[in-house]
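Overview (structure and organization)
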Amino acid sequence: MKKVTLRLILGDQLNASHSWFSKTDQDVVYLMAEMRQETDYVVHHIQKVVGYFSAMRNFEETLKREGHQVTYLTLDHESCHRTLSFIIEEQLAVHKALFFEYLEPDEYRLDKQLKEICQRLLLAAKCYDTEHFYTSKNTLKDFFTGKKQYVMEPFYRMMRKKHRILMEGDKPLGDKWNFDQENRNKWKGKPAIPAPIKLSNNVSEVYALVRKHHIKTIGQINDNCFEWPISIEQSEQLLENFCTYLLKDFGNYQDAMHTQEKFLFHSRISFALNTKMISPQRVINKVIETYENQTFPEVSLNQVEGFVRQILGWREYMRGIYWMEMPSYGEKNSLENNHKLPDFYWTANTKMNCLHHAIKQSLETSYAHHIQRLMVTGNYALLTQTNPDFVDQWYLGVYIDAIEWVEMPNTRGMSQWADGGIVATKPYVSSGNYIQKMSNYCESCQYNYKEKTGENACPFNSLYWNFLDEKKAYFKNNHRMSMMLSLLNKMDPQQLIDIKKRAQHIIANPDLY
Ligand code: FAD
Ligand code: SF4
């Protein structure tokens, strides 16, 4: 009698290099399913749902081509509308499987669910590492044991040393760990930004299926010309394109924003990474290889270090924070913020030009780069003291790369200070000045970034001072806030009253601005 093993592959576990696939075994059946529980746990962007299912279908084909047995359930399969537990039990029976195996989920929600399912199953079950990350779920916890603060920098340095990345003996290459000071330029039309790579996938079949099953989504899609990578080959193409044309200016302009340029010099590799179609090791190796080979065009160390830091540092760090702090992290609201997110987050209908552009772009492309997320949409949500639950839901839904393990520490932690400073050492808030410094948004805005009060004053200005005033008791012992708070203290009392009046009006009527 055959001893069949059923192996589950989730939609963000498309790692073709996993040791599971190193040999074919006719007693192993891989299970993939387009599950309603995954399309419905939050309202996702349409490109996210279609992107996932399209990438899963390509992965199924890859596995089958290599001789593996795969059971792939599309949305048309009745059990996809039931729970994960139902699907697993049904497929175990269909295949008369004696063993159940799965890859460690990256989300707490699924991790818990699968552990519970395995406890109920009357057969042997086993969980495997996804073999994707540099670190294990507990690396960060071990690293920070006994330390008061979980600052990213020492973790990043440890990772550089451990993995021998951009090192010269025991010293960092170029004698500096961090080139951030050189990476804060505004983009003023030069250097030219190469046209984005056109992947032009036809995903109309998947799109029609999503519509047929009335899955609620947000945003727009061009299903004849879908531009996100949905295969391993396309993920490689995107990386190649980045290294050849964009890496040379990545660091210099990584914080810049522009009305006409959505992607600037960013890689857009996050969806390929988070679905595991490409590994962080592959991305970092290719970037370093580009630097070392110095093929045309020339790539300097600050571009490379800036990029490596994002993946080797921030990405692994955020995952570690998530696993260290869950499940309570998802309930944190240190500043006790309780306002609603304005309606314009779903329409982009606002006169504030920076928000209009960042949100419009997010709805059109399911993408915004880091500074748009942090210093425009995130900044506004924090300044208006929005409940972090609403902010989390929005970020988790709208971006194609959003999976809770990376979305939540970025949103609740870095952006909203809801974790009370676990991730950030000071809240990421700014007035209109910062946005003006890093973008051209203010040039065509009806508001004036220099004014604090009056009809034409930039809303970010009054909101900023109002936020500081309302939270000054909370932040009084945070030395990184002392300069801002001392400026607040020096403000003319009548001016502060006027500023606060305007801020209160904006908070009460966000969709009027
Ligand atoms: P690039 O700028 O080209 O950077 C390269 C890669 O570095 C990214 O693909 C990503 O894998 C990694 N990276 C950079 N910054 C971070 C970071 N802070 N945390 C983790 N990885 C990072 N990233 C997600 O992958 N998923 C999310 O759901 C997500 N939500 C975010 C929410 C907020 C409020 C903020 C401020 C940031 C969020 N980020 C998230 C981090 C970052 O904005 C995106 O990774 C990045 O914009 C993706 O675009 P890119 O691939 O062009 O990145
Ligand atoms: Fe945004 Fe204010 Fe600049 Fe307008 S003036 S784009 S609202 S920062």
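Residues numbered from 1 in each chain as written. Chains lettered and ligands numbered in written order. Predicted model: local features only at pLDDT ≥ 70, side-chain atom pairs only at ≥ 80, totals over all residues. Heavy atoms only, no water.

Along its length, the chain carries 19 helices and nine strands. For the chain, whose C-alpha radius of gyration is 24 Å, the value lies close to the compact-globule estimate of 24 Å for 513 residues. When its C-alpha atoms are laid out on the principal axes, the chain stretches across 85 × 50 × 50 Å. By residue count, 59% of the 513 residues in the chain fall in the buried class. Sequence-distant contacts in the chain: of pairs separated by 6 or more residues, those separated by 24 or more amount to 76%. Carbon and sulfur atoms make up 49% of the accessible area of the chain, which totals about 21900 Å². (Helix = DSSP H or I, 4+ residues; strand = E, 2+ residues; numbered from the N terminus. Rg over C-alpha atoms; globule rule 2.2 N^0.38 Å. Buried < 20%, exposed > 50% of the residue type's maximum accessible area, 1.4 Å probe, protein only. Contact = heavy atoms within 4.5 Å. Areas by Shrake-Rupley, 256 points an atom, 1.4 Å probe, with all protein chains shown as cover.)

So, on to the pairing of strand β6 (residues 124-128). As defined by bridge partners, strand β5 (residues 99-103) adjoins β6 across five bridges and the pair is classed as parallel. The partner of F99 across the bridge, within β6, is A124. Between the parallel pair β5 and β6, the chain is carried across by helix α4 (residues 108-120), and the sense of this crossover is right-handed. (Pairing = 2+ DSSP bridges. Right-handed = clockwise from strand over helix to strand, strands pointing away.)

Our next topic: the pattern of salt bridges. Enumeration according to the criterion identifies 30 salt bridges in this entry. Between E205 and R57 there is a salt bridge; the shortest N-O distance is 3.6 Å. Taken together, the residues E205 in helix α7 (residues 204-212) and R57 in helix α2 (residues 46-65) connect sequence positions 148 residues apart. With a closest N to O distance of 2.8 Å, D76 and K212 form a salt bridge. With D76 in the loop between β4 (69-73) and α3 (84-94) and K212 in helix α7, this pair connects stretches of sequence that are 136 residues apart. (Salt bridge = Lys/Arg side-chain N within 4 Å of Asp/Glu carboxyl O.)

Before going further, it helps to examine the packing of helix α6 (residues 152-162) against helix α11 (residues 301-325). When two helices pack together, their arrangement is given by the angle between the helix axes and the distance between those axes. Running from amino to carboxyl end, α6 crosses α11 at an angle of 110°, the nearest separation of the two axes being 9 Å. Relative to α11, the element α6 is oriented roughly perpendicular. Residues M152, E153, F155, Y156, M159 and R160 of α6 lie in contact with α11, whose contacting residues are E305, V308, R309, L312, G313, W314, E316 and Y317. Looking at the contact of α6 with α11 residue by residue, the classes come out as eight nonpolar, one polar and five charged. (Axes fitted to C-alpha atoms, helices over the stretch in contact; angles between N-to-C directions. Parallel < 35°, antiparallel > 145°, perpendicular 65-115°, else oblique. Nonpolar A, V, L, I, M, F, W, Y, C, P; charged D, E, K, R; others polar.)

Attention shifts here to the layout of surface pockets. One way to see where empty space is left: roll a probe the size of a water molecule over the atoms. The calculated volume of the second largest pocket comes to roughly 420 Å³. Every residue lining the second largest pocket is counted, 27 residues in all, and those nearest its centre are P196, E227, F263, R268 and T365. Secondary structure elements with two or more residues in the lining of the second largest pocket: α8 (232-250) and α12 (353-365). Per element, the largest residue contribution to the lining of the second largest pocket is four residues, and it comes from α8. (1 Å grid on protein atoms, 1.4 Å probe; cavity = no way out; pocket = protein on both sides within 12 Å on 5 of 7 lines; lining within 4 Å. Points joined across faces, edges and corners; volume = space filled by probe spheres on them.)

Below, the discussion takes up the domain arrangement of the chain. Interfaces are often sized by the amount of accessible area the parts lose when they come together. Its domain assignment divides the chain into domain 1 (5-128), domain 2 (139-325) and domain 3 (331-512). Each side of the interface is counted separately: domain 1 has eleven residues, and domain 3 has 15 residues. Summed over both sides, the interface between domain 1 and domain 3 buries roughly 1000 Å², with carbon and sulfur atoms accounting for 55% of that surface. Connecting domain 1 to domain 3 are zero salt bridges. For the pair domain 1 and domain 3, the interface holds six residue pairs in polar contact (both at pLDDT 80 or more). Taken together, the elements giving at least two residues each to the side of domain 1 that touches domain 3 come down to β3 (44-45) and α2. Looking at the side of domain 1 that touches domain 3, the element that brings in the most residues is α2, giving three residues. Across the side of domain 1 that touches domain 3, the residue classes break down as four nonpolar, three polar and four charged. (Domains from an automatic or database assignment. Buried area = accessible area lost by both parts, 1.4 Å probe. Polar contact = N/O pair within 3.5 Å; in protein donor to acceptor, adjacent residues only side chain to side chain.)

Applying the stated criterion to the full structure yields three cavities of 30 Å³ or more. There is about 290 Å³ of room inside the largest cavity. For the largest cavity, the lining is made up of 19 residues, of which G11, D12, E38, Y41 and Y52 are closest to its centre. Looking at the lining of the largest cavity, the elements with two or more residues in it are α1 (36-40), α2 and α4. Split into classes, the residues belonging to the lining of the largest cavity amount to eleven nonpolar, three polar and five charged. By volume, the second largest cavity is sized at about 100 Å³. For the second largest cavity, the lining is made up of 13 residues, of which C354, C442, C445, C458 and F460 are closest to its centre. Going through the elements one at a time, α12, α16 (432-438) and α17 (459-475) are the ones with two or more residues in the lining of the second largest cavity.

Before going further, it helps to spend a moment on α4. With 13 residues, α4 should cover 18 Å at 1.5 Å per step; its first-to-last C-alpha distance of 19 Å lies within 8% of that length. Those residues of α4 that fall on the buried side of the exposure criterion are L110, D111, Q113, L114, I117 and C118. For α4, the angular spread of the buried residues around the axis is 165°, confining them to a single face. Among the structural elements, β1 (5-8), α1, α3, β5, β6 and α11 are those in contact with the buried residues of α4. (Expected span 1.5 Å × (residues − 1). Arc of directions from axis to C-beta.)

Moving on, we come to the environment of Q13. Looking at the element boundaries, Q13 is found in the loop between β1 and β2 (28-33). Setting aside residues up to four positions removed in sequence, Q13 forms contacts with L8, F59, L103, E104, P105, T130, T275 and K276. One polar contact links the side chain of Q13 to the main-chain carbonyl oxygen of E104, over a distance of 3.4 Å.

All right, on to helix α10 (residues 280-293) then. Here α10 spans 20 Å end to end across 14 residues, near enough to the 20 Å set by a 1.5 Å rise per residue. Turning to α10, its buried residues are P280, V283, I284, K286, V287, I288, T290 and Y291. The positive-phi residue at the C-terminal boundary of α10 is Q294, with phi of around 45°.

On to the site of ligand 2. Residues in contact with ligand 2, as listed here, are M352, N353, C354, G432, I435, Y441, C442, C445, Y447, Y449 and C458. At a threshold of 2 Å from the grid points, most atoms of ligand 2 map onto the second largest cavity. Grouping the constituent residues of the shell around ligand 2 by class yields nine nonpolar, two polar and no charged. (Near = heavy atom within 4 Å. Sits in = over half its atoms within 2 Å of the grid points.)

Another aspect to go through is the sheet that holds β6. If you trace the five strands from one edge of the open sheet to the other, you get β4-β2-β1-β5-β6, paired in parallel fashion. The open sheet is flanked by β4 and β6, the only strands paired with a single partner. Taking the axes of each pair of neighbouring strands and ignoring which way they run, one obtains an average angle of 25° across the sheet. The sheet strands contacting α4 are β1, β5 and β6, and the helix crosses β5 at an angle near 170°.

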